[in-house]
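# Chains, contacts and geometry: an overview
One-letter residues, chain by chain:
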Amino acid sequence: MRSARAILWGDYQALIDPLNFYKSRPMAEMGLSTENEATVRVVKLSRMLDHDMYRRIRLNFFRVHCQFVSGNDRRTSYDYFMLTCGPISAKSQTLAPDGAVSMIADNGGLIASEPLSESELLGSPGAAA
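Read on for an overview of the structure. Just so we're clear, the structure is a prediction, and the values are computed from it rather than from any experiment. (Residues numbered from 1 in each chain as written. Predicted model: local features only at pLDDT ≥ 70, side-chain atom pairs only at ≥ 80, totals over all residues. Heavy atoms only, no water.)

## Brief notes about the nonpolar core
Formed by Tyr12, Ala14, Val43, Leu45, Met48, Leu49, Tyr54, Ile57, Val64, Phe68, Tyr78 and Leu83, the largest nonpolar core amounts to 12 residues. Discounting chain neighbours no more than four positions away, the residues touching Tyr78 are Tyr12, Val43, Met48, Phe68, Asn72 and Leu83. (Core = buried A, V, L, I, M, F, W, Y, C linked by side-chain atoms within 4.5 Å. Buried < 20%, exposed > 50% of the residue type's maximum accessible area, 1.4 Å probe, protein only. Contact = heavy atoms within 4.5 Å.)

Okay, here's the thing in structure tokens:
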């Protein structure tokens, strides 16, 4: 198998979600080369949701798992819609320990400590972070 260094694998895992293999190393588990290991980020679903909503869903494993592709109530390091539809590339968000949180101002404006290239803004494969 050829190595594809231009592909970034971001793996988001949560302790409370039994369907997503918390603390696993996905590439090693599948017998793939770990030379270009997946970037694993831990998601805390309790921080993504209002307290009452989290209490309602925490024992419904399917609903908890679906939260990974549902809207957040709060700003956190993982936000599916920011990751897939936001103005910052998925690669930049995955490589940043706090996701897009430090890149988006409280008023919703984009904060950039350094200029982002067009490919980064569009999330092009292989874009530099």
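Structure shown, so let's carry the discussion forward.
## Examining a nonpolar patch on the surface
A grouping of Leu15, Tyr22 and Val42 is seen on the molecular surface, where their side chains present a nonpolar patch of about 290 Å² in accessible area. Relative to the assigned elements, Leu15 resides in the loop between strand E1 (10-13) and helix H1 (26-29). A residue is classified by how much of its surface remains accessible, and Leu15, at 64% relative accessible area, is exposed. (Patch = residues over 30% accessible without salt bridge, like charges linked within 9 Å, V, L, I, M, F, W, Y side chains within 5 Å. Areas by Shrake-Rupley, 256 points an atom, 1.4 Å probe, with all protein chains shown as cover. Salt bridge = Lys/Arg side-chain N within 4 Å of Asp/Glu carboxyl O. Helix = DSSP H or I, 4+ residues; strand = E, 2+ residues; numbered from the N terminus.)

## A few points about the pattern of salt bridges
Overall, the coordinates contain three salt bridges when judged by the stated rule. Asp52 serves as the salt-bridge partner of Arg55, at 4.0 Å between the closest nitrogen and oxygen. Of this pair, Arg55 and Asp52 both sit in helix H3 (residues 51-57), separated by three residues, roughly a single helical turn.

## What about the packing of aromatic side chains?
Throughout the structure, instances matching the rule amount to three aromatic pairs. Through a chain of ring-to-ring contacts, the aromatic side chains of Tyr12, Phe68 and Tyr78 assemble into a single cluster. (Phe/Tyr/Trp six-rings, centres within 6.5 Å; stacked < 30°, edge-to-face > 60°.)

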